[in-house]
Amino acid sequence: MALTIGLTGGIASGKSTVSQMFKEAGIVVIDADVIARKVVEVGEEAYEQIVQAFGKDILSTDKTIDRPKLGSVIFFSEEKRLLLNSIVHPAVRKQMLIEKEEYMNNGEKTIILDIPLLFESKLTALVDRTLLVYVDYETQLARLMERNNLSKEDAKARIQSQMPLKEKIKLADAVINNNGTIEATKNQLHEICDQWDIQIKS
Ligand code: ADP
C-alpha cells in the first residue's frame with residue numbers, strides 16, 4: 001500500500017521549499033496549483049463548463065481563459081465565485097486522483113499531494129496523513145514582503161485572508177517548523193520520514 005501525504009501551509013510558510021526537498025529526496029509530488037491550471041486549458045471539460053457558465057467574454061483572443069477578467073467577475077460576486085469553484089474543485093480533485101492512481105500503479109510507495117487549501121477545501125479525505133509547514137507570523141510577514149516585494153500592509157492583508165497557521169497546527173498530523181534555517185527544516189523532514197517509514201534518498 002502506498003502512503004499519500006497532504007502537504008500544506010500558508011502563504012510564504014515554506015511549502016514550496018519543503019515540496020522541493022521531497023522531490024530531491026526522490027518522492028513524487030502532485031501539485032494542486034499545476035493541476036488547477038491544467039484542468040482549465042482549452043478543450044478540457046472544466047474549460048467548456050466555465051465558458052458555458054460565464055460566456056465568451058472571459059476568453060482572450062487565443063481562446064484561453066483570461067484569468068484577470070474571470071478574476072474580476074468573481075471578485076464582485078460571491079455567487080459567481082461559488083459557481084466557478086463548483087466547476088474547478090471537482091475537476092482538480094478528479095485529476096489529482098487520476099495522477100495519484102498512476103503513480104501507485106507505477107509502484108511509488110509515497111505520494112505527496114501539495115495542496116495550499118488542504119484544510120479549507122476539505123480535501124483531507126484524499127490523503128492518509130497531513131503535514132503542515134508552519135512559520136510564526138513575524139517570519140511569514142517578513143518572508144512574504146521580501147519574496148513578493150510587498151508593503152507591510154499588503155502582506156498583512158494577504159496573510160489575514162487565510163486560515164491562521166496556528167489553527168492549522170491543530171488539524172495536521174505532523175508539523176515542520178520552518179522558522180529556522182533551511183538545514184533545520186530539512187532535518188525535521190528527515191525525522192518525519194523516519195517516523196512514517198518513508199524511504200528517501202539522502
Ligand atoms: P510557500 O510555498 O509556502 O508560499 P516558499 O517555499 O516560497 O513558501 O517560501 C517563502 C519564501 O521564504 C521564499 O522566498 C523562500 O525562499 C523563503 N524561505 C523558505 N524557507 C526558508 C527558510 N527556512 N529560511 C529562509 N528563507 C526561507
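What this report covers is the structure whose coordinates are included nearby. (Residues numbered from 1 in each chain as written. Predicted model: local features only at pLDDT ≥ 70, side-chain atom pairs only at ≥ 80, totals over all residues. Heavy atoms only, no water.)

Digging into the packing of helix α1 (residues 15-24) against helix α9 (residues 182-195)
If you want to describe how two helices pack, look at the angle between their axes and the distance between the axes.
Okay, so step 1: In the contact formed by α1 and α9, the axes pass within 11 Å of each other and the chain directions differ by 60°. Taken together, the axes of α1 and α9 lie oblique to each other. For the pair α1 and α9, the sense of crossing is right-handed. Contacts from Thr-17, Val-18, Met-21, Phe-22 and Glu-24 of α1 reach α9 at Ile-182, Thr-185, Lys-186, Leu-189 and Cys-193.
Okay, so step 2: The residue makeup of the contact of α1 with α9, split by class, is six nonpolar, two polar and two charged. (Axes fitted to C-alpha atoms, helices over the stretch in contact; angles between N-to-C directions. Helix = DSSP H or I, 4+ residues; strand = E, 2+ residues; numbered from the N terminus. Parallel < 35°, antiparallel > 145°, perpendicular 65-115°, else oblique. Left-handed = near helix turned anticlockwise from the far one by under 90°. Contact = heavy atoms within 4.5 Å. Nonpolar A, V, L, I, M, F, W, Y, C, P; charged D, E, K, R; others polar.)

Comments concerning helix α5 (residues 78-105)
Okay, so step 1: Between its first and last C-alpha, α5 extends 40 Å over 28 residues, near the 40 Å set by a 1.5 Å rise per residue.
Okay, so step 2: Along its buried surface, α5 packs onto β1 (3-8), β2 (28-31), α2 (32-38), α3 (45-54), α4 (67-75) and β3 (110-114).
Okay, so step 3: Of the residues flanking the end of α5, it is Gly-107, one or two places downstream, whose phi is positive at about 90°. (Expected span 1.5 Å × (residues − 1).)

Some points on the site of the ligand
Okay, so step 1: As a structural note, the neighbourhood of the ligand is formed by 14 residues, with Ala-12, Lys-15, Ser-16, Thr-17 and Arg-147 the closest of them.
Okay, so step 2: In the model, an oxygen atom of the ligand is placed 3.3 Å from a nitrogen or oxygen of the Gly-10 main chain.
Okay, so step 3: In this structure, Ser-16 approaches the ligand through a side-chain N or O atom, which is 2.5 Å from an oxygen atom.
Okay, so step 4: Compared with its free state, where it exposes 560 Å², the ligand has 74% of that area covered by protein.
Okay, so step 5: Every element with two or more residues in the shell around the ligand is listed here: α1 and α6 (137-148).
Okay, so step 6: Looking at which element gives the most residues to the shell around the ligand, the answer is α1, with three residues.
Okay, so step 7: Class assignment for the residues of the shell around the ligand results in three nonpolar, eight polar and three charged. (Near = heavy atom within 4 Å. Polar contact = N/O pair within 3.5 Å; in protein donor to acceptor, adjacent residues only side chain to side chain. Areas by Shrake-Rupley, 256 points an atom, 1.4 Å probe, with all protein chains shown as cover.)

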